[in-house]
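Observations on the model geometry
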Amino acid sequence: MKKNRVYLSMLTTFIVVTAVFCYFFIYKGTDLSAQVQKVVNSKAQPVFNYMIYGGFGPDALNKPMDVAKIDQFIYVTDTNNKRVQVFDLGGTPIFKFGKEGEGKGEFKFPYGIAGDKQGQVYVSDLYNGCISVFDSKGKFIKYFAENNPNDKVIEAPGSLRIFGDKVYVTDIKKSKVLVFDLSGKLLKEIGGPGRNVGQFQAPNALTVDKDGNLYVVDTGNQRVQVFDKDYKYVRSINGSANDAGDSIFVNPRGIGIDSRGILYVVSNLTHFVYGFDLSNKDQKLFTFGGNGESNTQFSLPNGLFVDENDNVYITDSSNQRVGVYR
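Residues numbered from 1 in each chain as written. Predicted model: local features only at pLDDT ≥ 70, side-chain atom pairs only at ≥ 80, totals over all residues. Heavy atoms only, no water.

Once the charged atoms of two side chains with opposite charge are near each other, the side chains can pair. Taken as a whole and assessed by the stated rule, the structure comprises 15 salt bridges. Lys99 serves as the salt-bridge partner of Glu106, at 3.9 Å between the closest nitrogen and oxygen. Linking Asp218 and Arg223 is a salt bridge whose minimum nitrogen-to-oxygen distance equals 2.7 Å. Classification of Arg223 as buried rests on a relative accessible area of 10%. (Salt bridge = Lys/Arg side-chain N within 4 Å of Asp/Glu carboxyl O. Buried < 20%, exposed > 50% of the residue type's maximum accessible area, 1.4 Å probe, protein only.)

Structure representation (structure tokens):
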């Protein structure tokens, strides 16, 4: 009798554990499978988690270009709608701000987006030629680095990211990277038009690793250029061995680095995202995506952001959505 009770207890425990596992694997699937993959292979590619679409009709995203997690919200530049949309961490729409125009808090082509430690939101406008700073609720505060866009400190800002006490901006017209402090003081200009190392053709996105090295997507030259913390050129990455062969990128755009030291690069016109191992001579680890409309495909992906938990957010511009991977 005692043995039967022990057996029943063990059987009950097994059934409960199995049910919990099946629930998370089947219904929560991506979270657990991503964790399992990373245990088995510490350099595994991220797994699709969920999609952000916005609302319906006029509330839907239209050509989302960039994305950033700022505090506990996800901010997306809803470019064709001339606004920014804000979502909770589950992808539910919360609010939106901005409208078409050239005045304070208005946009012509909102593109890059980033946030500082105070939760302020920085939005670059490629056509208005300025960066606007908003509070976390979307109230305009000021123009960054300029009293007004006519100052032309920044001419055609593309991507921007904030790391530590510095703001990094790609100026597509100048083919330069501009580095500012948080007060808006210009600290450094990197690059200039050209095809030589250290020069750019319409640079797009950028990121910084834990050692302060700067990675710039040199879009027109189909490569990523790497600079050390003193902004001296180190090397290039194009997917070939030692950057000696043809580039695997076609119109590269978004970029990010996760805590494992994996560099993600978006190849816009081939609809793929590539992962490289920075600790192993920039070896290509994986490729995911491809042209299509399924959850694991893209159509002209553009922006990419990696948060502190290694969630990877990718703007899928022609499919009008943001894919979230982990």
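Another point: the side chain of Arg253. Here Arg253 shows up in strand 20 (residues 252-257). No salt bridge forms around the buried Arg253; measuring N to O, its nearest opposite-charge neighbour Asp66 is 10 Å away. A distance of 2.6 Å separates polar atoms of two side chains, one belonging to Arg253 and the other to Asn302. When residues no more than four places from it in sequence are discounted, the contact partners of Arg253 are Met65, Tyr111, Asn204, Ala205, Val217, Thr219, Val266, Asn268 and Asn302. (Helix = DSSP H or I, 4+ residues; strand = E, 2+ residues; numbered from the N terminus. Lys, Arg positive; Asp, Glu negative; His and termini not counted. Polar contact = N/O pair within 3.5 Å; in protein donor to acceptor, adjacent residues only side chain to side chain. Contact = heavy atoms within 4.5 Å.)

On to empty space enclosed by the protein, then. Within this structure, the stated rule accounts for one cavity of 30 Å³ or more. The volume enclosed by the largest cavity comes to roughly 80 Å³. As for the largest cavity, its lining consists of 16 residues, and the residues nearest its centre are Asp66, Ser159, Asn204, Ala205 and Gly303. Among the residues making up the lining of the largest cavity, the classes are represented as six nonpolar, seven polar and three charged. (1 Å grid on protein atoms, 1.4 Å probe; cavity = no way out; pocket = protein on both sides within 12 Å on 5 of 7 lines; lining within 4 Å. Points joined across faces, edges and corners; volume = space filled by probe spheres on them. Nonpolar A, V, L, I, M, F, W, Y, C, P; charged D, E, K, R; others polar.)

What follows is about the sheet that holds strand 8 (residues 110-115). Spatial strand order, 8-9-10-11: four strands in an open sheet with antiparallel pairing. The open sheet has two edge strands, strand 8 and strand 11 (140-143), and neither has a second partner. Strand-to-strand twist in this sheet, taken as the mean axis angle between neighbours without regard to direction, amounts to 25°. Here strand 9 (residues 121-125) runs beside strand 10 (residues 130-134); their pairing, made up of five bridges, is antiparallel. Bridge pairing links Tyr122 to Val133 in strand 10. (Pairing = 2+ DSSP bridges. Axes fitted to C-alpha atoms, helices over the stretch in contact; angles between N-to-C directions.)

Here we come to the sheet that holds strand 24 (residues 301-306). What the four strands build is an open sheet, ordered 1-26-25-24; its pairing is antiparallel. Strand pairing shows two members of the sheet lacking a second neighbour, strand 1 (48-52) and strand 24, which therefore form its edges. Along the sheet, successive strands turn relative to each other by an average axial angle of 20°, direction set aside. When strand 25 (residues 312-316) meets strand 26 (residues 321-325), the two strands line up antiparallel, connected through five bridges. Across the sheet, the residue bridging to Asp316 is Arg321, located in strand 26.

Attention shifts here to the side chain of Asp310. Tracing the backbone through its elements, the reader meets Asp310 in the loop between strand 24 and strand 25. At 4.8 Å, Arg260 is the nearest oppositely charged side chain to Asp310, a buried residue that forms no salt bridge. A polar atom in the side chain of Asp310 sits 2.6 Å from the side chain of Ser259.

Along any regular strand the residues' side chains alternate between the sheet's two faces. Across the five residues of strand 26, five count as buried, placing the element largely inside the fold. Burial of the side chains of strand 26 extends over both faces: Arg321, Gly323 and Tyr325 are buried on one face and Val322 and Val324 on the other. The sheet contact formed by strand 1 and strand 26 spans four bridges and is antiparallel. Looking across to strand 26, one finds that Met51 is bridged to Gly323. Connecting the antiparallel pair strand 25 and strand 26 is a turn made up of four residues, with Gln320 showing a positive phi of about 60°.

Taken as a whole, this structure holds 23 aromatic pairs when the rule is applied. Ring geometry for Phe109 against Tyr111: centres 6.2 Å apart, planes inclined by 80°, an arrangement best described as edge-to-face. Taken individually, Phe109 and Tyr111 each receive the classification buried, so the pair is uniform in this respect. A centroid spacing of 5.6 Å and a plane angle of 70° characterise the contact between Tyr122 and Phe144, whose relative ring orientation is edge-to-face. (Phe/Tyr/Trp six-rings, centres within 6.5 Å; stacked < 30°, edge-to-face > 60°.)

Among the structural elements, Arg235 can be located in strand 19 (residues 233-237). Arg235 gets classed as partly exposed once you look at its relative accessible area, which sits at 25%. Expressed as a C-alpha distance, the spacing of Arg235 and Gly198, which sit 37 residues apart in the sequence, is 9.2 Å. If we ignore the near neighbours within four places in the chain, the residues touching Arg235 are Tyr215, Val224, Gln225, Val226, Leu278 and Asp282. Within the structure, the side chain of Arg235 is placed 2.7 Å from the side chain of Asp282, a separation counted as a polar contact.

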